[in-house]
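Descriptive structure summary
Letter by letter, the chains look like this.
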Amino acid sequence: MIGLRSILGSMFLIAATFLGQAGSPSPVPARATEEPAPCKLGSLPSDIQSHLKGNLGTWKVQEAETLSEHARKTWEGKKPTACPGMAVGLFQNAKAPSYAVLLVPVDHPDAGYRFLVFSRKTGQSSYEATVVEQSDDHGASNYFIRKVPISKFFNEESKRKFEVQVTEAILMVDSAEQEYEADIYFWSKGRFQQQPVDE
């Protein structure tokens, strides 16, 4: 009888635990709404936000909605977790993250782009902008960027050849309907170097 009572008691506790879990709301959606959306300026450090609002107020971050249909399918095929116009990584040194931003005009998102990287110089708290590439040509809706590991494109020999000492780089993809091109941008010899790659 005592054994049966303890078994029933254990079963009641287990059932109550499961019912309590099923009835309680999941904490994930609440947390997700508090965090800034991945393509919004609010997800960047405040001084980068100020720079973009002050100096590039007529530009916005490339979003999935501003990509061409073909580029959006390519982007989604990479199973992204971030934004097609932002990449955060150790692009210039191993200690402080840099922020890569691909901007398109607010009014005409296909009419050109500005590709910038914001990094902190050693000993400084603010971020400095580097214009890596820019274009005023039609077709900006075909471009997106993402972070990639250097090791995906460089072996030890090519790292020595190009004097690459960082572990992450930025991949910029042009995914138009009639063409596909990918370029890797990596920090070497005091500046961002560009190299076409097969992805």
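Scroll up to find the structure this text is about.
Attention here is on the structure that accompanies the text. Note that the structure is predicted; figures quoted are calculated from it, not measured. (Residues numbered from 1 in each chain as written. Predicted model: local features only at pLDDT ≥ 70, side-chain atom pairs only at ≥ 80, totals over all residues. Heavy atoms only, no water.)

One number sums up the size of the largest pocket: a volume of about 300 Å³. Elements with a minimum of two residues in the lining of the largest pocket: strand E2 (86-89) and strand E6 (143-149). Here the element with the most residues in the lining of the largest pocket is E2; it accounts for three residues. Taken together, the residues that form the lining of the largest pocket break down as ten nonpolar, two polar and four charged. Counted as a void, the second largest pocket has a volume near 160 Å³. Lining the second largest pocket we find 13 residues, and of these Cys39, Leu41, Trp59, Lys60 and Val61 sit closest to its centre. Going through the elements one at a time, helix H3 (46-55) and strand E1 (59-61) are the ones with two or more residues in the lining of the second largest pocket. Sort the elements by how many residues they give to the lining of the second largest pocket and E1 lands first, with three residues. A breakdown of the residues in the lining of the second largest pocket according to their chemical character gives eight nonpolar, one polar and four charged. (1 Å grid on protein atoms, 1.4 Å probe; cavity = no way out; pocket = protein on both sides within 12 Å on 5 of 7 lines; lining within 4 Å. Points joined across faces, edges and corners; volume = space filled by probe spheres on them. Helix = DSSP H or I, 4+ residues; strand = E, 2+ residues; numbered from the N terminus. Nonpolar A, V, L, I, M, F, W, Y, C, P; charged D, E, K, R; others polar.)

Most peptide bonds take the trans form, and the phi angle of most residues other than glycine is negative. Positive phi is not limited to glycine here, since glutamate 163 has a value of about 55°. Mapped onto the secondary structure, glutamate 163 falls in the loop between helix H5 (156-162) and strand E7 (168-175). Here the phi dihedral of lysine 189 falls at roughly 55°; this positive angle occurs in a residue that is not glycine. Positionally, lysine 189 belongs in the loop between strand E8 (180-188) and strand E9 (191-197).

Before going further, it helps to examine helix H4 (residues 69-77). Within the span of H4, buried status applies to Ala71, Thr74 and Trp75. Buried residues of H4, seen end-on, are gathered within an arc of 100° and therefore sit on one face of the element. Facing away from the buried side of H4 by more than 90 degrees, the exposed set consists of Glu69, Lys73 and Gly77. Looking at the packing, one finds that the buried side of H4 touches E6, E7 and E8. Downstream of H4 by one or two residues, lysine 79 has phi in the positive range, about 50°. (Buried < 20%, exposed > 50% of the residue type's maximum accessible area, 1.4 Å probe, protein only. Arc of directions from axis to C-beta. Contact = heavy atoms within 4.5 Å.)

This brings us to the state of the cysteines. According to the stated counting rule, one finds one disulfide in the structure shown. For cysteine 39, the disulfide goes to cysteine 83, at an S-S distance of 2.0 Å. Between cysteine 39 and cysteine 83, the disulfide has an S-S torsion of 110° and is therefore right-handed. Taken together, the residues cysteine 39 in the loop between helix H2 (27-34) and H3 and cysteine 83 in the loop between H4 and E2 connect sequence positions 44 residues apart. Neither residue differs from the other here; cysteine 39 and cysteine 83 are each classed as buried. (Disulfide = S-S within 2.5 Å.)

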